[in-house]
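# Notes for the structure review
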Amino acid sequence: MARILTGIQSSGSNGEVHLGNILGAIQPGIELSKKPENEAFFFIADLHSLTTVKDAEVRLSNVYAVAAAWLAFGFDTDKNTFYRQSDVPEVCELTWYLNCFTPFPMLANAHSFKDKAENLSDVNAGLFDYPVLMACDILLYDAEFVPVGKDQKQHLEMTRDMAKGFNHKYDETFVVPEPLIDERVMVVPGTDGRKMSKSYNNYINIFLPDKQLRKAVMKIETDSKGLEEPKDPDTCNVFALYSLLADESQDIEMRKKYEAGNYGYGHAKQALFELIVETYSEERKRYWELMEDKPQLDQLLKEGAAKARKVAQPVLQKVRKKLGFN
Ligand code: ADP
Ligand code: TRP
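The rules behind these values
Residues numbered from 1 in each chain as written. Chains lettered and ligands numbered in written order. Predicted model: local features only at pLDDT ≥ 70, side-chain atom pairs only at ≥ 80, totals over all residues. Heavy atoms only, no water. Helix = DSSP H or I, 4+ residues; strand = E, 2+ residues; numbered from the N terminus. Expected span 1.5 Å × (residues − 1). Buried < 20%, exposed > 50% of the residue type's maximum accessible area, 1.4 Å probe, protein only. Polar contact = N/O pair within 3.5 Å; in protein donor to acceptor, adjacent residues only side chain to side chain. Arc of directions from axis to C-beta. Core = buried A, V, L, I, M, F, W, Y, C linked by side-chain atoms within 4.5 Å. Domains from an automatic or database assignment. Contact = heavy atoms within 4.5 Å. Salt bridge = Lys/Arg side-chain N within 4 Å of Asp/Glu carboxyl O. Axes fitted to C-alpha atoms, helices over the stretch in contact; angles between N-to-C directions. Parallel < 35°, antiparallel > 145°, perpendicular 65-115°, else oblique. Left-handed = near helix turned anticlockwise from the far one by under 90°. Nonpolar A, V, L, I, M, F, W, Y, C, P; charged D, E, K, R; others polar.

Let us now look at helix H3 (residues 56-72). The end-to-end C-alpha separation of H3 is 24 Å, in line with the 24 Å expected for 17 residues at 1.5 Å each. Most of H3 is tucked away: twelve of the 17 residues are buried. Burial in H3 covers these residues: Arg59, Asn62, Val63, Tyr64, Ala65, Val66, Ala67, Ala68, Ala69, Trp70, Leu71 and Ala72. If you check the start of H3, you find a side-chain oxygen 2.9 Å away from the backbone N of Glu57, and it comes from Asp55.

Shown next as structure tokens:
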């Protein structure tokens, strides 16, 4: 069994999960977790979110939204371990220990810090220390493989350095993890053609109720070609999104409609809206069932945390012993 582990951010001012997250992270993550040779530890990184989100209600509702989305897409919590980072307080203790071995310049060199370093008064110590907490998320569970986006590559290199440094001083203690970076991960475009992202406010949350979802789709930016004019599918944001969800024949048919003319962007948007609703009908239903049953979400997260702590505690105990804290 290979243990794969990854943290899922619950940041942002609203925990909405968008089509980019689904196609770029949730579905590939679930595929990976389904392979018989893998055992997945997926967690919601709510302690990390405290570096930016200070509002308790926002944090909690983000956690629920992210959890409900993963579960709605069928993440199997029996085979795998699904938990909230803050439900395993062992990670904070390990973070202190590793802090005391992490050279200041290593953290000062992290992109996550450097990007903000121009305005140091806006940087809190938690943000500076973000990579150590992330390393502890990984090392606490003896994770072997860590699927992440390219932007997290440097954090993984730091994690490996921290693990190797500690192992060198105190003999084999941590598993040195390998990053799994899929260079081919598709970039889902947003309603304005840039990468879909919460930070650009150009995203489509597929879990919205029908009316709001339709409204979000209708906001996709297009050029101003009239109804009767032929249109270029390859430069159209509506077509780009349609094409990500469509099967081959739907794709070909839509392309023909664009090129033939007498097919307006309003028609294409309506078709995209219908395709989203049809493609994700089960997941949308399940998402709302879960969001309306918080006790069930709490219960699942609680069970996940108990499983996670069983793995975390012996690792932490080993570290305590080596450092003379028994
Ligand atoms: P956002 O940019 O909306 O804040 P996050 O950075 O929280 O999204 O991304 C969470 C996960 O979703 C990451 O693994 C990221 O790779 C994936 N993801 C986010 N946006 C996209 C996108 N437009 N296309 C593909 N994958 C995406
Ligand atoms: N920093 C990661 C991100 O921004 C989230 C994360 C936190 C993570 N801890 C992790 C990812 C541990 C992988 C492993 O996406």
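Over its 13 residues, helix H11 (residues 248-260) extends 18 Å from the first C-alpha to the last, a length consistent with the 18 Å expected when each residue adds 1.5 Å. Turning to H11, its buried residues are Asp251, Met254 and Tyr258. The buried residues of H11 occupy an angular sector of 70° when the element is viewed end-on, so they sit on one face. Those residues of H11 that are exposed and aimed more than 90 degrees away from the buried face are Glu248, Lys256 and Ala260.

With that out of the way, let us pick up the nonpolar core. Grouped together as the largest cluster of nonpolar side chains are 60 residues, with contacts concentrated most on Trp70, Phe82, Tyr258, Ile276 and Tyr280. Element by element, the count of residues in this core is highest for H3, at ten residues. Counting only domains with at least three residues in this core, you end up with domain 1 (2-187 + 294-323) and domain 2 (210-279). What Tyr280 contacts, discounting residues up to four positions off in sequence, is Leu19, Ile22, Leu23, Gln27, Phe73, Ile206 and Leu245.

All right, on to the pattern of salt bridges then. Under the counting rule described, the total for this entry stands at eleven salt bridges. Glu93 is the salt-bridge partner of Arg320, the closest N and O atoms lying 2.7 Å from each other. Taken together, the residues span a long stretch of sequence, with Arg320 in helix H14 (residues 294-323) and Glu93 in helix H4 (residues 90-99) at a distance of 227 residues. A residue is classified by how much of its surface remains accessible, and Glu93, at 25% relative accessible area, is partly exposed. Ionic pairing is found between Lys285 and Glu289, a salt bridge with its closest N-O pair at 3.9 Å. Within this pair, Lys285 and its partner Glu289 are both found in helix H13 (residues 281-291), separated by four residues, close to a single helical turn. You can call Lys285 exposed: its relative accessible area is 52%. Several salt bridges converge on common partners, so that one network encompasses Lys285, Arg286 and Glu289.

Time to look at unusual backbone geometry. Even without a glycine there, the phi angle at Asn201 is positive, about 55°. Summarising the element assignment, Asn201 is placed in the loop between strand E5 (178-180) and helix H9 (210-218). Positive phi, normally seen in glycine, also occurs at Asn262, with a value near 60°. In this structure, Asn262 sits in the loop between H11 and helix H12 (265-279).

A few words now on the packing of H4 against helix H7 (residues 125-139). It is the contact of H4 with H7, at a shortest axis distance of 9 Å, that shows an interaxial angle of 120°. The pairing of H4 with H7 is recorded here as oblique in orientation. Read as a crossing pair, H4 and H7 show a hand that is right-handed. Two secondary-structure elements touch here, H4 through Val91, Leu94, Thr95, Leu98 and Asn99 and H7 through Asp129, Val132, Leu133, Cys136, Asp137 and Leu139. Looking at the contact of H4 with H7, its residues break down into seven nonpolar, two polar and two charged.

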